[in-house]
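Letter by letter, the chains look like this.
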Amino acid sequence: LTKPDLIARGEEESVVETLRNVKAPLELGYIMVKNRGQDEINGKVALSEAKRKECEFFETHPHFRKEDTALFGVERLEKRLSEILVERIKCSLPEMKTQVDAALRETQESLNGLGDAPPETTPKRRKLLRESAGAITRDVRDASYFTMYQGVLAENKELRMVARYRKGASRFSDS
């Protein structure tokens, strides 16, 4: 609740009932604060001075001075909001941990699917390059000689080099 200094006379008890969370109850209750007024802002009243005036206001007010001090002040509001935030974070941590663990597992599986890391030394890189080039050369040779009848080429005859060559050659002969 704000602007306690602007409460109309005779309405203080109604405001106190609200502050006690009796009238119009809220799950987290209420805290009343007295912020600087526009004249104090224009007059550049320091925040420390404003806090002092706020404490003094609640300590001397005929209706509010009788109430629990935990219901008043910006400092108490800051503390309560921090407590609520910490509670919410604690409640959210298990679910957040579960999500992070799942993302970590998924990422690790993806990384594992990439295979081994590339070699770090030049001789090992050259060896990998020779092996890869040899494997590609064998695949191209086998495909061109029509001897590779497994996998994609067995299922899709139109991908075989001889079939592609004949199809391409027939376009030239038709013209």
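In the block above lies the structure referred to throughout.
Let us look at the structure shown here.

Quick notes on the rules
Residues numbered from 1 in each chain as written. Predicted model: local features only at pLDDT ≥ 70, side-chain atom pairs only at ≥ 80, totals over all residues. Heavy atoms only, no water. Helix = DSSP H or I, 4+ residues; strand = E, 2+ residues; numbered from the N terminus. Buried < 20%, exposed > 50% of the residue type's maximum accessible area, 1.4 Å probe, protein only. Contact = heavy atoms within 4.5 Å. Core = buried A, V, L, I, M, F, W, Y, C linked by side-chain atoms within 4.5 Å. Phe/Tyr/Trp six-rings, centres within 6.5 Å; stacked < 30°, edge-to-face > 60°. Lys NZ or Arg CZ within 6 Å of the ring centre and 35° of its normal. Patch = residues over 30% accessible without salt bridge, like charges linked within 9 Å, V, L, I, M, F, W, Y side chains within 5 Å. Areas by Shrake-Rupley, 256 points an atom, 1.4 Å probe, with all protein chains shown as cover. Salt bridge = Lys/Arg side-chain N within 4 Å of Asp/Glu carboxyl O. Lys, Arg positive; Asp, Glu negative; His and termini not counted. Polar contact = N/O pair within 3.5 Å; in protein donor to acceptor, adjacent residues only side chain to side chain.

1. Examining the overall build of the chain
Turning to step 1, where the next piece is worked out: Check the secondary structure of the chain and you find seven helices and zero strands.
Turning to step 2, where the next piece is worked out: Burial analysis of the chain (175 residues in total) assigns 16% to the buried set.
Turning to step 3, where the next piece is worked out: Partitioning the intrachain contacts of the chain with sequence separation of at least 6 by distance along the chain shows that 49% fall at a separation of at least 24.

2. Quick look at the nonpolar core
Turning to step 1, where the next piece is worked out: Counting ten residues, the largest nonpolar core is built from V15, V16, L19, Y30, M32, F57, F58, F64, L71 and F72.
Turning to step 2, where the next piece is worked out: Secondary-structure elements contributing two or more residues to this core are α1 (12-19) and α3 (47-60).
Turning to step 3, where the next piece is worked out: Per-element tally for this core: the top contributor is α1, with three residues.
Turning to step 4, where the next piece is worked out: Excluding its chain neighbours within four sequence positions, the residues that come into contact with F57 are P4, D5, K34 and F64.

3. Focus: the packing of aromatic side chains
Turning to step 1, where the next piece is worked out: Considering all chains together, one arrives at five aromatic pairs under this definition.
Turning to step 2, where the next piece is worked out: Both rings, one in F58 and one in F72, keep their centres 4.6 Å apart while their planes meet at 35°; by these two values the pair is tilted. Residue F58 is located in helix α3, and its partner F72 is located in the loop between α3 and α4 (74-113); the two are separated by 14 residues in the primary sequence.
Turning to step 3, where the next piece is worked out: Taking the relative accessible area as the measure of exposure, F72 reaches 8% and is therefore buried.
Turning to step 4, where the next piece is worked out: Each member of the aromatic cluster is reached from another via a ring pair, and the members are F57, F58, F64 and F72.
Turning to step 5, where the next piece is worked out: Stacked on the ring of F57, the Lys or Arg K34 has its end atom at 5.7 Å from the ring centre.

4. Some details on a nonpolar patch on the surface
Turning to step 1, where the next piece is worked out: A contiguous nonpolar patch, built from L85, I89, L93 and M96 and spanning about 370 Å² of accessible area, is present on the exposed surface.
Turning to step 2, where the next piece is worked out: Among the structural elements, L93 can be located in helix α4.

5. A short note on the side chain of E12
Turning to step 1, where the next piece is worked out: In this structure, E12 sits in helix α1.
Turning to step 2, where the next piece is worked out: The buried charged residue E12 lacks any salt bridge partner; its closest oppositely charged side chain belongs to R9, at an N-O distance of 5.8 Å.
Turning to step 3, where the next piece is worked out: Engagement of the side chain of E12 in a polar contact is seen with the backbone nitrogen of G10, the distance being 2.9 Å.
Turning to step 4, where the next piece is worked out: Excluding anything up to four places from it in sequence, E12 contacts I7, H61 and H63.

6. Regarding unusual backbone geometry
Turning to step 1, where the next piece is worked out: The backbone of A24 shows a phi angle near 55°, a positive value even though the residue is not glycine.
Turning to step 2, where the next piece is worked out: Counting through the fold element by element, A24 comes out in the loop between α1 and α2 (38-42).
Turning to step 3, where the next piece is worked out: With phi around 55°, K44 is a residue other than glycine that occupies positive phi space.
Turning to step 4, where the next piece is worked out: Tracing the sequence through the fold places K44 in the loop between α2 and α3.

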